[in-house]
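Commentary on secondary and tertiary structure
What follows is the residue order along each chain.
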Amino acid sequence: MKNKSNFTGQLGFVLAASGSAVGVGNLWRFPYLAAKDGGGLFLVVYLVLVVTFGFTLLTSDIAMGRKTQSSSIKAYEKANPKWKFLGILTFLVPVVIMTYYAVIGGWILKYCVTFLTGHGFDAAADDYFTGFITDPVQSVIYAAIFMLVTAFIIFRGVEKGIERWSKYLMPILLLLIIAVAIFALTLKHGEGADARTGLDGLLVYLKPDLTPLVGGTFLSGVSHFLGILLDAMSQIFFSLSVSMGIMITYGSYVKKDVDLNQSIGQIEIFDTGVAFLAGMMIIPSIFVFSGTEGMAAGPGLMFVALPKTFAAMGVAGHFVGGAFFLMAVFATLTSCISVLEAITANCMEITGKSRPKVTGVLTVLYTAASIIIALGYSLLYVEVQLPNGSTGQLLDIMDYISNSFMMPFISLLSTILIGWVLKPEWISDEIEQDGIKMRRKTLYRVMVKYVCPIIMLILFLQSTGLLGMVLK
Ligand code: PFF
């Protein structure tokens, strides 16, 4: 294809791919899962799964992109024309995600502005979050701003847009998170025997809590462990941005002389490192000011419990809260960019139209979609019962379709395609160029042929609610 853009080198690629991988999943979802699933126990399980299962999915996506020099639809078609449908299905994941990602970006932007303008403590009020998302004007304005900034970066292309922004934002993010994590360890609240310190909180995060495993019957222990495994597995998916065509598109921009072994290792380390540091920052902060009960807030942790913690810190809370939400804006922006880029790249390949034209059309469509989804909490409020038992509004419905339904299904089919139809060598040959040896090759082969398809099937059945029905 003419005018094909490329990353300038390995660093540009690793930072852009890490920019996609590091997002609210690392800053908010990972810490709350770690708190819920026994601290150190979750960390160990997660780590083992990243270097096996995460590695396999990330390698497949990136190598497939570079080998075919295409985004998902064309990549699957080139791999095997009969499997083009899987490329189309993969393309539809970012198409769905993009309808709501800028809305979440807008929420985070709102909190960032609130903290940076010195009104952060208002955000600690119980109804602040609900008040904001149910306000049709504010929620729409913030979503639209986030959407337009993303579109502007995509419009500028891969080198001038995505790569340059990631090169600035990712190192700043890393420095900020390290600074806040160190600060969190110095916190102290309460007097005498009741005092809680950041270091106590760190222990809560790192020490494996095995009580639920060994406290009950053998069966209850096993089922608890299975729950942790599934949590860690779906988190890895989300966190590494795999099985949604994004890493296929980014892989297609990598030059042939880049050693993919190294890049993949660095992306794994970056993504897991940021998630780990985010936990080091959030869990001690919440523990010190709100105790272990504060951590039970689950998904509401970021927008409801965390601002309360910042408020309890006093003056320092303005600084820490502002820094946290600024980081979250950067992280969400680089992830949002990758979602829109995957859609843009596919559309450019299919229609043959230029980047400015495609971006222009997509900007109009997705600004409209973001407005509709943002209004899902006010003018367009609905309550829909989802197959996994929860009730959702427009945003939750889109999230359910992409994350719980499509992603495990796509991974299941793509590992079958690579493991059994194309054969693992189709991927390993791409990595082994210029005398480079593929690392963890046997592991990759076993994972892609046997382990991944089975685990994906279980994950799919579990997240669609079918597993519960089968086991009943
Ligand atoms: N990987 C991102 C995170 O961990 O927050 C989330 C994400 C990015 C999900 C891009 C989906 C996506 F298309």
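The structure displayed is predicted, hence computed values, not measured ones. (Residues numbered from 1 in each chain as written. Predicted model: local features only at pLDDT ≥ 70, side-chain atom pairs only at ≥ 80, totals over all residues.)

**Describing the overall build of the protein**
From N to C terminus, the protein includes 20 helices and 4 strands. For 472 residues, the compact-globule formula gives about 23 Å, and the C-alpha radius of gyration of the protein, at 22 Å, lands near that figure. Seen through its principal axes, the protein has C-alpha atoms that stretch 65 × 55 × 45 Å. Relative to its 472 residues, the protein shows a buried fraction of 53%. (Helix = DSSP H or I, 4+ residues; strand = E, 2+ residues; numbered from the N terminus. Rg over C-alpha atoms; globule rule 2.2 N^0.38 Å. Buried ≥ 20, exposed ≤ 12 C-beta atoms within 10 Å, placed from the backbone.)

**Some remarks on unusual backbone geometry**
Unusually for a residue other than glycine, Ser241 sits at a positive phi of about 55 degrees. Following the sequence through the fold, Ser241 ends up in the loop between α11 (218–239) and α12 (246–252). When the 30 C-beta atoms within 10 Å are taken as the criterion, Ser241 is described as buried. The phi dihedral of Ser243 is positive, around 60 degrees, even though this residue is not glycine. When you line up the elements, Ser243 lands in the loop between α11 and α12.

**As for the site of the ligand**
What surrounds the ligand is a group of 16 residues, the closest being Gly23, Gly25, Ser239, Ser335 and Val339. Breaking the shell around the ligand down by element, the ones donating at least two residues are α1 (10–21), α2 (24–36), α5 (84–116), α11 and α15 (315–351). Partitioning the shell around the ligand into residue classes produces 8 nonpolar, 8 polar and no charged. (Near = placed C-beta within 6 Å. Nonpolar A, V, L, I, M, F, W, Y, C, P; charged D, E, K, R; others polar.)

**As for α2**
Side chains three or four residues apart in an α-helix point the same way, a direct result of the helix having 3.6 residues per turn. With 13 residues, α2 should cover 18 Å at 1.5 Å per step; its first-to-last C-alpha distance of 17 Å lies within 8% of that length. The principal kink in α2, of about 30 degrees, is found at Phe30, preceding the proline Pro31 by one to four residues. For α2, the tally of buried residues reaches 12 of 13 residues, placing the bulk of the element in the interior. Within α2, the full set of buried residues consists of Val24, Gly25, Asn26, Leu27, Trp28, Arg29, Phe30, Pro31, Tyr32, Leu33, Ala34 and Ala35. Those residues of α2 that are buried lie in contact with α3 (40–68), α5, α9 (198–206), α11, α13 (260–295) and α15. Positive phi appears at Gly38, one or two residues downstream of α2, with a value of about 85 degrees. (Expected span 1.5 Å × (residues − 1). Bend = angle between axes of the 7 residues up to and from the residue. Contact = placed C-beta atoms within 7 Å.)

**Re the environment of Ser338**
Topologically, Ser338 is positioned in helix α15. Take Ser338: there are 27 C-beta atoms within 10 Å of it, and that puts it in the buried class. Sequence separation between Ser338 and Ser414 is 76 residues, and the spatial gap between their C-alpha atoms is 21 Å. Residues contacting Ser338, with those up to four places away along its chain left out, are Gly19, Ser20, Ser241, Ile246 and Tyr250.

**Focus on the packing of α2 against α15**
Two quantities define a packed helix pair, namely the angle between the helix axes and the distance between the axes. One way to put it is that α2 packs onto α15 with a least axis distance of 8 Å and a crossing angle of 115 degrees. Facing α2, whose interface residues are Val24, Asn26 and Leu27, α15 presents Met327, Ala328, Ala331 and Thr332. In terms of residue class, the contact of α2 with α15 is made up of 5 nonpolar, 2 polar and no charged. (Axes fitted to C-alpha atoms, helices over the stretch in contact; angles between N-to-C directions.)

**Observations regarding α11**
Taking 1.5 Å per residue, 22 residues should reach 32 Å; α11 reaches 31 Å between its end C-alpha atoms and fits that length. Buried residues of α11: His224, Ile228, Ala232, Met233, Gln235, Ile236, Phe237, Phe238 and Ser239, and no others. After α11 finishes, the residue Ser241 shows a positive phi value of roughly 55 degrees.

**Brief notes about the packing of helix α7 (residues 136–155) against helix α8 (residues 158–185)**
Axis separation between α7 and α8 bottoms out at 6 Å; the angle between their running directions is 115 degrees. Contacts between α7 and α8 pair Ile153, Ile154 and Phe155 from the former with Gly161, Ile162 and Trp165 from the latter. Of the residues that constitute the contact of α7 with α8, the class distribution is 5 nonpolar, 1 polar and no charged.

**Brief notes about the confidence of the model for the protein**
Looking at the protein as a whole, the pLDDT averages 91, with 98% of positions reaching at least 70. Summarising per-element confidence for the protein, the mean pLDDT is lowest in helix α20 (residues 466–471) (73) and highest in helix α4 (residues 72–79) (98). (pLDDT = per-residue confidence, 0-100.)

**Looking at the environment of Leu176**
Position of Leu176 relative to the elements: it lies in helix α8. Assessed through the 16 C-beta atoms surrounding it within 10 Å, Leu176 is described here as partly exposed.

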